[in-house]
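# Remarks on the overall topology
Residues per chain, in single letters:
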Amino acid sequence: MTRLIACDIDGTLLLNGAVEIPGEIFRQIDRLEEKGILFCPASGRQYSSLRKLFAPVADRVPYLCENGAVIYGPGSPGPVLGKTVMDRALAEELCREIIALSGVEVLISGANTSYVCPKRDDLLDMIRIFVGNNTVVLGAPEQVPEDIVKVSAYCPDRLEETWQALSGRWGEHFQAAIAGACWVDFTLANKGTGLEQLCTALDIGLEEVMAFGDNYNDLPMLERVGQPWMMESAAPELRARFPNRCRRVEEILREL
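Below or above, wherever it landed, is the structure these notes cover. Every value quoted in this text rests on a predicted model; they were computed, and no experiment measured them.

Okay, the sheet that holds strand S4 (residues 70–72) next. Within the open sheet, the 3 strands sit side by side as S3-S4-S5. Their pairing is antiparallel. Only two strands of the sheet have a single partner each, and these edge strands are strand S3 (63–65) and strand S5 (80–83). Mean inter-strand twist for the sheet, computed between neighbouring axes without regard to direction, equals 10 degrees. Examined bridge by bridge, S4 and S5 share 3 bridges and lie antiparallel to one another. Bridging across to S5, Val70 finds its partner in Lys83. In the packing of helix H6 (residues 191–202) onto the sheet, contacts are made with S3, S4 and S5, and the angle to S5 comes to roughly 145 degrees.

Structure representation (C-alpha cells):
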C-alpha cells in the first residue's frame, strides 16, 4: 500500500530545462489526496522555492528541503518537522575553500534563506529568479546570522573538477553529493534521513513510500523506500541499480 510519494524536482519533475511543474502533476496530487496518498517534493531547493513551484497545492503538501536538512509539514507556512544543523566552524571553513576555487561560487543555506558571497555578477539573479530562493548577500560566510544546514558549490563547467577537489576531505565530515549538472552539496542530512524524519512525524512506514529520483543525491531516499523509481534520463550506473524506471513521473502516478 502506498501512503506517501516523495519526488525529486530538477531532472525528475522538471525535465529538459523546464521551470514549471507540469499541470498534470497537480491534477494527480489532487486525485491521490482523495485516495489518502500524500505527495512530498524532495529537493535540494529551499522551502520558499518549492512553495512557488507547487503554488496550486502549496499549503497541502509536506516538503523535504535542502537535501533533507529541513523538513516542513503542510500549512501556510507549515511547521518545521526536522532540521539538521552543520558544525559551524567546519561549515565556514568549507565555504572559504569553495570561495578560493577558481570559477566556483558558494551558496550557504539556512532554514529558509540562502546566503551568497558572489564573485560573478549574475549569481544573485540566477539564485533569486531562476531558483526562486530568498537570498541575502554577505561579505563573508562568518556573517551568516543563523544555523547553517547546507553548503553548496555552484560550479558550471567545473563539476568533476570541483567534486575531486572537495569530496575527499569534506566527505569525511558531511554528506557530499552531486546535485544536478552544476552543484555539489554538503549537508549532515541527506534525502534518506530527511524522509525518515518525515515518515516518523506522519506515522508512515518507509515500506509505504514510493520515491522518484534521477541523481546521486536521491540514492539515500530511493534505497530506503518500498517502491523506488529511477528516471530513464539518469546516468547508466544509477539506472542499473533500480529495476523500476520511468520517463515521466506522471506516467506512474496515473496507475495508482
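Structure shown, so let's carry the discussion forward.
Of the two faces of strand S1 (residues 4–7), the one carrying Leu4 and Ala6 and the one carrying Ile5 and Cys7 are both buried. When S1 meets strand S2 (residues 38–41), the two strands line up parallel, connected through 4 bridges. What sits directly across from Ile5, in S2, is Phe39.

One pass over the structure, following the stated rule, counts 7 aromatic pairs. For the ring pair Phe26 and Phe54, a centre distance of 6.0 Å and an interplane angle of 85 degrees mean the geometry is edge-to-face. Placement of Phe26 in helix H1 (residues 23–34) and of Phe54 in the loop between helix H2 (47–53) and S3 is noted, with a sequence separation of 28 residues between them. Both rings, one in Phe39 and one in Phe54, keep their centres 6.1 Å apart while their planes meet at 40 degrees; by these two values the pair is tilted. One end of the pair, Phe39, is in strand S2; the other, Phe54, is in the loop between H2 and S3, and 15 residues separate them in sequence. Phe54 shares its class with Phe39; the two are buried. Taken together, the aromatic side chains of Phe26, Phe39 and Phe54 make up a single cluster linked through ring pairs.

Membership of the largest hydrophobic core comes to 36 residues, with the highest contact counts inside it found for Leu13, Ile21, Phe54, Tyr63 and Phe212. Where this core is concerned, the elements lending two or more residues are S1, H1, H2, S3, S4, strand S12 (209–213), strand S13 (227–231) and helix H9 (249–253). Of all the elements, H1 adds the most residues to this core, at 4 residues. Non-local contacts of Leu13, meaning those with residues more than four positions away in its chain, are made with Cys7, Asp8, Ile21, Pro22, Ile25, Phe39, Phe54 and Val249. Ala91, Ile148, Cys155 and Leu166 belong to the second-largest nonpolar core, a separate cluster that totals 23 residues.

Counted according to the given criterion, the structure contains 21 salt bridges. When the shortest N-O distance is used, the salt bridge between Lys83 and Asp147 registers 3.5 Å. With Lys83 in strand S5 and Asp147 in the loop between strand S8 (135–137) and strand S9 (150–154), the pair connects residues that are 64 residues apart, well separated along the chain. Two residues, Glu251 and Arg247, come together in a salt bridge whose shortest N-O distance is 3.8 Å. Judged by its relative accessible area of 25%, Glu251 falls in the partly exposed class.

Considered as a void within the structure, the largest pocket measures approximately 870 Å³ in volume. For the largest pocket, the lining is made up of 40 residues, of which Asp10, Ala179, Gly180, Ala181 and Trp183 are closest to its centre. Where the lining of the largest pocket is concerned, the elements lending two or more residues are strand S6 (105–109), helix H4 (123–131), S9, helix H5 (159–170) and strand S11 (183–187). If one sorts the elements of the lining of the largest pocket by residue count, H4 sits on top with 4 residues.

Regions of empty space are outlined by a rolling probe, equal in size to a water molecule, passed over the atoms. Under the counting rule described, the total for this entry stands at 1 cavity of 30 Å³ or more. One number sums up the size of the largest cavity: a volume of about 40 Å³. Among the elements of the structure, H1 and S2 are those that each provide at least two residues to the lining of the largest cavity. The residue inventory of the lining of the largest cavity, partitioned by class, reads 5 nonpolar, no polar and 2 charged.

Scoring rules and cut-offs
Residues numbered from 1 in each chain as written. Predicted model: local features only at pLDDT ≥ 70, side-chain atom pairs only at ≥ 80, totals over all residues. Heavy atoms only, no water. Pairing = 2+ DSSP bridges. Helix = DSSP H or I, 4+ residues; strand = E, 2+ residues; numbered from the N terminus. Axes fitted to C-alpha atoms, helices over the stretch in contact; angles between N-to-C directions. Contact = heavy atoms within 4.5 Å. Buried < 20%, exposed > 50% of the residue type's maximum accessible area, 1.4 Å probe, protein only. Phe/Tyr/Trp six-rings, centres within 6.5 Å; stacked < 30°, edge-to-face > 60°. Core = buried A, V, L, I, M, F, W, Y, C linked by side-chain atoms within 4.5 Å. Salt bridge = Lys/Arg side-chain N within 4 Å of Asp/Glu carboxyl O. 1 Å grid on protein atoms, 1.4 Å probe; cavity = no way out; pocket = protein on both sides within 12 Å on 5 of 7 lines; lining within 4 Å. Points joined across faces, edges and corners; volume = space filled by probe spheres on them. Nonpolar A, V, L, I, M, F, W, Y, C, P; charged D, E, K, R; others polar.

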